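# Structural description and commentary
One letter stands for each residue in the lines below.
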Amino acid sequence: MLESVGTQSLPRFRFVHAADVHLDSPLKGLAGQDGSAAELIRSATRKAFEGLVTRTVEERAAFLVIAGDLYDGDWRDYQTGLFFVRQMGRLREAGIPAYVIYGNHDAQSKITRSLTLPDNVTVFRTRSAETHRIEELDVALHGQGYRERDIDENLARSYPSPIPSAFNIGILHTGLGGMEGHAPYAPCTLDELRKKGYDYWALGHIHKPEILSTDPYVVFSGNVQGRHIRETGPRGAMLVTVEDGAVNALEPLHVDVVRWALVEVGADGIETVSDANDRVRTAIEQAVEENADGRLLACRIEVVGRTPAHSALLASHEDLLAEARASAAGLGDDVAWVEKLIINTDLPANTVPDPALAETLGEIGLARQDEALLRDLKEQIAPFVGKLPAEARDAAESPLLRAAMDHDFGELIELARPYAMARLTGHEG
Ligand SMILES: [Mn+2]
């Protein structure tokens, strides 16, 4: 092994660290929707990845790293694989190599089709960790892909020792110690990674971008494109600059084409359904201003708080949603899109119920103990929900629909109370 190069300076270079591309991942909540915004959301994972390749070329990166979950699962047909090959071909034309590991979503055992990749792409083997060198930059890349989806062993532990004098990059798909909401795939600790002796850990699996350590760098680049309301905010990849064998800059490349935002609308001061429509429209405009950054803003709207219009809002849910979508569409093509509108309101605390109404509602409450009625409901509703396509069942978030699917008809009666109340009081919007 040669001694360190001494006073001779090492080449300065940049590379791009990406992960969790989830190409062609199916997006929920789009069934039956048309228009260019819905179309853009359908193709968002591809468009964002195309943008990532464009930026990688523009930034003159020396190479691209993809730390797992390039695909979302087995390809429906060859189009997904062909799309990736085309993008890698663009990199090849620019003389840029790519280093890829498989993650839990694209574990070798899950992808049944395969295509030969261009020769600038290196896919790490899954049997054990291996090292690839880029001699002219004195870079060593260490990595191992997933053979099976459920990797519960600590992969990092058997990664090779760093190559002295080289800039060492560890590519790993891991849930670390089991972060909230993520399965603990390939568990390991941050401390363990820090002590490995590498200069940069390019991690994948956790979709929220996060720099866990800067000495050495341990980084989740986050996913390239947010795919639902739990993936809000800017998404993309990391552009890493290396100078004299050390990271000297880390810069996010926001290549997402659709940005997700939760838009909360306070119910305070809303007296009528029309007030609510106005508030929602203003809230969408404001959210676009603050969060969109020139992308399509996919919004989930939640009306929260106490209002005398509580029952009226519940009864007019469909109209409110349609109005919200109209408000979004009225802002122009691909400015905003409303995924869902949730009414999470209540009556003002001091509301005194009408005695006759209270009695009726009390009777509704008793109805959940009426065996004959429950049987009747089951006979009428169960066959209907049974016919719902799996996609609709999975996407169902309405508590009413959930109760019906679970055959919990007592709960269904309870949940229907505010709707009954709205009808009885004439607040139908
Ligand atoms: Mn993953």
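Our structure is the block above this text.
Throughout what follows, the structure given in this document is the object of discussion. (Residues numbered from 1 in each chain as written. Predicted model: local features only at pLDDT ≥ 70, side-chain atom pairs only at ≥ 80, totals over all residues.)

The subject of this paragraph is the pairing of strand β10 (residues 217-220). Two faces make up the sheet, and in a regular strand the side chains alternate between them. Of the two faces of β10, both are covered, the one formed by Y217 and V219 as well as the one formed by V218 and F220. Looking at chain direction, strand β8 (residues 200-204) and β10 are connected through four bridges and run parallel. Paired with L203 across the strands is F220, a residue of β10. Of the pairings in the sheet, the one linking strand β9 (residues 210-214) to β10 comprises four bridges and is antiparallel in character. Across the sheet, I211 pairs through a bridge with V219, a residue of β10. (Buried ≥ 20, exposed ≤ 12 C-beta atoms within 10 Å, placed from the backbone. Helix = DSSP H or I, 4+ residues; strand = E, 2+ residues; numbered from the N terminus. Pairing = 2+ DSSP bridges.)

This part is about the sheet that holds strand β2 (residues 63-67). The strand order across the open sheet built from six strands is β4-β3-β2-β1-β11-β12, with neighbouring strands paired in mixed fashion. Of all the strands in the sheet, just β4 (121-123) and β12 (246-254) have a single pairing partner and so form its edges. When strand polarity is set aside, the average angle formed by the axes of neighbouring strands in this sheet is 20°. By the bridge criterion, three bridges tie strand β3 (residues 98-101) to β4 in an arrangement that is parallel. Counted as the bridge partner of A98 is V121 from β4. (Axes fitted to C-alpha atoms, helices over the stretch in contact; angles between N-to-C directions.)

Strand order in this open sheet of three strands is β13-β14-β15, and the pairing throughout is parallel. Of all the strands in the sheet, the pair left with one neighbour each is β13 (258-266) and β15 (336-346). Recorded for the sheet is a direction-independent mean angle of 15° between the axes of neighbouring strands. Across ten bridges, the pairing between strand β14 (residues 296-306) and β15 is parallel. When the sheet's bridge partners are listed, C299 is paired in β15 with V338. In the packing of helix α5 (residues 273-292) onto the sheet, the strands contacted are β13, β14 and β15, and the crossing angle to β13 comes to about 140°. Across the face of the sheet, helix α7 (residues 317-329) comes into contact with β14 and β15 while running at roughly 145° to β15. (Contact = placed C-beta atoms within 7 Å.)

With an omega of -5°, the peptide bond running from D215 to P216 counts as cis. Mapped onto the elements of the fold, P216 is located in the loop between β9 and β10. Positive phi outside glycine occurs at D20, with the angle close to 50°. Looking at where D20 falls in the secondary structure, it is placed in the loop between β1 (13-18) and α1 (36-42). Exposure remark for D20: the 29 C-beta atoms within 10 Å place this residue in the buried category. For D244, which is not glycine, the phi dihedral falls at a positive 50°. Structurally, D244 can be placed in the loop between β11 (236-243) and β12.

None of this, on its own, says anything about what the molecule does.
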